[in-house]
Amino acid sequence: MAIGAPQYGGFTATTATGNITLTAGDSVIQAIDPDGTSRDVTLPALGSTGQGKVVIDNTADAAEVLTIKDGANGSATVGTPAKNESAICTFSEGTWVCVVGAAN
């Protein structure tokens, strides 16, 4: 199960040692601990007609931000979940859009 359609699913928990670049084959739910510093998470380019979704949960234990970037559009920033926040991101018509909020 993966980020890219038609197969959605999977869960991955990661303690980041650097910036992260996701691929279409990665799990649709990503729990990421930035491990002491803010990190970039780049989402995959899925093509002009591709579809995808991913949930990114910032599991930081301090004030660390995940900067989510759109790998399809020059790495434009599309979300910035802080500690205990999540981003729900969808890909449609060649671009990623994310909504960020508290992970309660």
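Above this text is the structure in question.
Only a predicted model underlies this, so the values are computations on that prediction, with no experimental measurement involved. (Residues numbered from 1 in each chain as written. Predicted model: local features only at pLDDT ≥ 70, side-chain atom pairs only at ≥ 80, totals over all residues. Heavy atoms only, no water.)

**A few points about the overall build of the protein chain**
Working step 1: If you tally the helices and strands in the protein chain, you get 0 helices and 9 strands.
Working step 2: Sequence-ordered secondary structure for the protein chain, helices as α and strands as β, is β-β-β-β-β-β-β-β-β.
Working step 3: Taking 2.2 N^0.38 as the reference for a compact globule, 104 residues should give roughly 13 Å; the C-alpha atoms of the protein chain span a radius of gyration of 12 Å, in line with that estimate.
Working step 4: Taking the principal axes of the C-alpha coordinates as reference, the protein chain spans close to 40 × 25 × 25 Å.
Working step 5: Looking at the protein chain residue by residue over its 104 residues, the buried ones come to 39%. (Helix = DSSP H or I, 4+ residues; strand = E, 2+ residues; numbered from the N terminus. Rg over C-alpha atoms; globule rule 2.2 N^0.38 Å. Buried < 20%, exposed > 50% of the residue type's maximum accessible area, 1.4 Å probe, protein only.)

**What about the sheet that holds strand β4 (residues 39-43)?**
Working step 1: On the basis of which strands lie adjacent, the open sheet formed by 4 strands has the order β2-β4-β6-β7 and mixed pairing. A single partner strand is all that each edge strand has here, and the edge strands are β2 (20-21) and β7 (76-79).
Working step 2: By the bridge criterion, 5 bridges tie β4 to strand β6 (residues 66-70) in an arrangement that is parallel. Among the inter-strand pairings, D40 is bridged to a residue of β6, identified as T67. (Pairing = 2+ DSSP bridges.)

**Quick look at the sheet that holds strand β1 (residues 11-15)**
Working step 1: Spatially, 5 strands are ordered β1-β3-β5-β8-β9 in an open sheet, and the strand pairing comes out mixed. In the strand order of this sheet, the two ends are held by β1 and β9 (95-102), each with one partner. Across the sheet, the mean angle from the axis of one strand to that of its neighbour is 20°, orientation sign disregarded.
Working step 2: The pairing of β1 with strand β3 (residues 29-33) spans 5 bridges and is parallel. In the sheet register, T12 faces β3, and the bridge partner there is Q30. (Axes fitted to C-alpha atoms, helices over the stretch in contact; angles between N-to-C directions.)

**What to know about the state of the cysteines**
Working step 1: Under the definition given, this model contains 1 disulfide.
Working step 2: Through a disulfide, C89 is tied to C98; the S-S separation comes to 2.2 Å. Handedness here is read from the sign of the S-S torsion; for C89 and C98, about 110°, the answer is right-handed. Accessibility classification places C89 together with C98 in one group, the buried group. (Disulfide = S-S within 2.5 Å.)

**Description of the side chain of R39**
Working step 1: Tracing the chain through its elements places R39 in strand β4.
Working step 2: The buried charged residue R39 lacks any salt bridge, with D35 as its nearest oppositely charged partner at 4.8 Å.
Working step 3: Within the local environment of R39, its side chain forms a polar contact with the backbone oxygen of A16, the two atoms lying 3.4 Å apart.
Working step 4: The contacts of R39, once residues within four sequence positions are left out, are A16, T17, G18, N19, P34, V65, L66 and T67. (Lys, Arg positive; Asp, Glu negative; His and termini not counted. Salt bridge = Lys/Arg side-chain N within 4 Å of Asp/Glu carboxyl O. Polar contact = N/O pair within 3.5 Å; in protein donor to acceptor, adjacent residues only side chain to side chain. Contact = heavy atoms within 4.5 Å.)

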